Amino acid sequence: MATLRDIKRRITSVTSTQKITNAMKMISAAKLNRAQLAVRAAQPYAEKLRQMVTTMAAGMSGDDHPFFEAREGSKTVVIHFTSDRGLCGGFNSNLNRMVNASRESGELGAEVELVLFGRKGNDFFRRRNVPIARALVQLRETERRGMIREVREDLVARFLTGEISRVMLAYNHYYNPIRQLPVILPLLPVTAPQGEQGAALDDREILFEPDRGAILDSLLPAYLQNQVLTAHLNTEAGEHGARMVAMEGATKNAGEMITSLTLSYNRLRQAAITKELIEIVSGAEAL
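If you're wondering where the values come from, they're calculated on a predicted model, not measured in any experiment.

Peer 1: Any details on the overall build of the protein? Residues and values, ideally.
Peer 2: Along its length, the protein carries five helices and five strands. Ordered by position from the N terminus, the helices and strands of the protein form the series α-β-α-β-α-β-α-β-β-α. The C-alpha radius of gyration computed for the protein amounts to 28 Å, which surpasses the reference 19 Å derived for 287 residues by more than 25%, pointing to a less compact arrangement than a globule. Its C-alpha atoms give the protein principal-axis dimensions of about 110 × 40 × 35 Å. Put simply, 78% of the contacts in the protein that link residues at least 6 apart link residues at least 24 apart. Summed over its atoms, the accessible surface of the protein is roughly 16100 Å², and 53% of this surface lies on carbon and sulfur atoms. Separation of charge centres in the protein, based on 37 positive and 32 negative side chains, amounts to 12 Å.

This is the structure in structure tokens:
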């Protein structure tokens, strides 16, 4: 049975933990505010760029531009975004399990190459002895953006040479601090998003200046870079949101535990005092 000293020591320990989780929640809330602003600032440009590519992609094929060409082969590269730190609930594990299940089922192709941004994804797949082509962990913000551009350029070059047939993007899409949805989206070849296939450009009265090829040469690399950068921004915002919610729950649970331990401490202390009084009274009566 726990003694008064044991319970008091545990109350002190839980109180210290509660202070830490509350501080982590406040830090994540501040970081989330900045990350949300970054996501919102990027949305108008990303949305307009997506609309332009959707319009251009409707009715187009690999004959119009190599980025639209469906490649033969079964090798797929997955650009996978997770966080470097934990304590954010199922934020990383849900995406890791989804990508691993898609890989094992063959949904991603017979041969899958992983390019991992974030330590949690790297740790997950290393524990399962899954071959990893490249792992980029513990990067500063400026370093990560530079590596995003480098990875995108490398994969585009490999796609154009026919070395790989598809490039997929896996990340947690940020909606709000409570909801981050893991998604796997196609990056190459470029296609119009499902449900947004418009009429072919040939059926519309659209004039191109300069010509369509020159526009695509300029537009598509920017679109691909924006897609990968958007995944990074969503991952960053989702991580802080998930950690804030997780730490808020931990702080609340610590408070409930402290209340329960305090109640147990008071009951045990009351029982000890009552026992001492009984002994004193019994001794006095004996005299």
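Peer 1: Break down unusual backbone geometry for me, citing the residues and quoting the values.
Peer 2: Cis rather than trans, the peptide bond between leucine 188 and proline 189 has omega equal to -5°. You can see proline 189 is positioned in the loop between strand S5 (180-188) and helix H5 (212-286). Even without glycine at this site, asparagine 129 takes up a positive phi of about 55°. Summarising the element assignment, asparagine 129 is placed in the loop between helix H3 (119-127) and strand S3 (134-136). Even without a glycine there, the phi angle at glutamine 138 is positive, about 50°. Structurally, glutamine 138 is set in the loop between S3 and helix H4 (141-160).

Peer 1: Before we move on, can you summarise the pairing of S5 with the specific residues and values?
Peer 2: With eight bridges connecting them, strand S4 (residues 166-174) and S5 associate as antiparallel partners. Bridge assignment links valine 167 to a residue of S5, and that residue is leucine 188.

Peer 1: Explain the packing of H4 against H5 to me, using residue names and the numbers behind them.
Peer 2: For the pair H4 and H5, interaxial distance at closest approach is 10 Å and the crossing angle is 140°. By the angle class used here, H4 and H5 are oblique. Crossing geometry of H4 relative to H5 is assigned as right-handed. Taken together, the residues of H5 that come into contact with H4 (itself represented by Glu141, Arg144, Arg145, Ile148, Arg149, Arg152 and Val156) are Pro221, Leu224, Gln225, Val228, Leu229, His232, Leu233 and Glu236. Here the residues of the contact of H4 with H5 sort into seven nonpolar, two polar and six charged.

Peer 1: Give a detailed account of the pairing of strand S2 (residues 111-117), specifying residues and quantitative values.
Peer 2: Of all seven residues in S2, six are buried, a share of seventy percent or more. Two strands pair when backbone bridges link them, and strand S1 (residues 75-81) and S2 are joined in this way by seven bridges, in the parallel orientation. Bridge assignment links valine 78 to a residue of S2, and that residue is leucine 114. In the classification by handedness, the crossover that spans S1, the intervening helix H2 (residues 91-105) and the parallel S2 is right-handed. Here S2 runs beside S3; their pairing, made up of three bridges, is parallel. Bridging across to S3, leucine 116 finds its partner in alanine 135. For the crossover from S2 across H3 to S3, the handedness is right-handed.

Peer 1: Go over H4, please, and point to the residues and values.
Peer 2: With 20 residues, H4 should cover 28 Å at 1.5 Å per step; its first-to-last C-alpha distance of 29 Å lies within 8% of that length. Those residues of H4 not exposed but buried are Arg144, Met147, Ile148, Val151, Arg152, Leu155, Val156, Arg158 and Phe159. One side of H4 holds all its buried residues, which, seen down the axis, span an arc of 170°. Elements in contact with the buried residues of H4: S1, S2, S3, S4, S5 and H5. At the C-terminal side of H4, glycine 162 shows a positive phi close to 85°.

Peer 1: For the packing of aromatic side chains, give the residues involved together with the corresponding values.
Peer 2: Applying the stated criterion across every chain, the model contains two aromatic pairs. Their ring planes at 85° and their centres at 5.0 Å tell us that phenylalanine 124 and phenylalanine 125 sit as a pair that is edge-to-face. If you follow arginine 179 out to its NZ or CZ, it ends over the ring of tyrosine 175, 4.2 Å from the centre.

Peer 1: Help me get a handle on the environment of proline 44, residues and values and all.
Peer 2: Its location among the elements puts proline 44 in helix H1 (residues 4-57). Considering only alpha carbons, one finds proline 44 and arginine 85, 41 residues apart in sequence, at a separation of 29 Å.

Peer 1: Requested: an account of the sheet that holds S4, with residues and values cited.
Peer 2: Within the open sheet, the five strands sit side by side as S3-S2-S1-S4-S5. Their pairing is mixed. Looking at which strands have only one partner, the edges of the open sheet turn out to be S3 and S5. Averaged over all pairs of adjacent strands, the angle between strand axes in this sheet comes to 20°, irrespective of strand direction. Contacts from H3 reach S1, S2 and S3 within the one sheet, and its direction differs from that of S2 by about 140°.

The rules behind each value
Residues numbered from 1 in each chain as written. Predicted model: local features only at pLDDT ≥ 70, side-chain atom pairs only at ≥ 80, totals over all residues. Heavy atoms only, no water. Helix = DSSP H or I, 4+ residues; strand = E, 2+ residues; numbered from the N terminus. Rg over C-alpha atoms; globule rule 2.2 N^0.38 Å. Contact = heavy atoms within 4.5 Å. Areas by Shrake-Rupley, 256 points an atom, 1.4 Å probe, with all protein chains shown as cover. Lys, Arg positive; Asp, Glu negative; His and termini not counted. Charge placed at Lys NZ, Arg CZ, Asp CG, Glu CD. Pairing = 2+ DSSP bridges. Axes fitted to C-alpha atoms, helices over the stretch in contact; angles between N-to-C directions. Parallel < 35°, antiparallel > 145°, perpendicular 65-115°, else oblique. Left-handed = near helix turned anticlockwise from the far one by under 90°. Nonpolar A, V, L, I, M, F, W, Y, C, P; charged D, E, K, R; others polar. Buried < 20%, exposed > 50% of the residue type's maximum accessible area, 1.4 Å probe, protein only. Right-handed = clockwise from strand over helix to strand, strands pointing away. Expected span 1.5 Å × (residues − 1). Arc of directions from axis to C-beta. Phe/Tyr/Trp six-rings, centres within 6.5 Å; stacked < 30°, edge-to-face > 60°. Lys NZ or Arg CZ within 6 Å of the ring centre and 35° of its normal.

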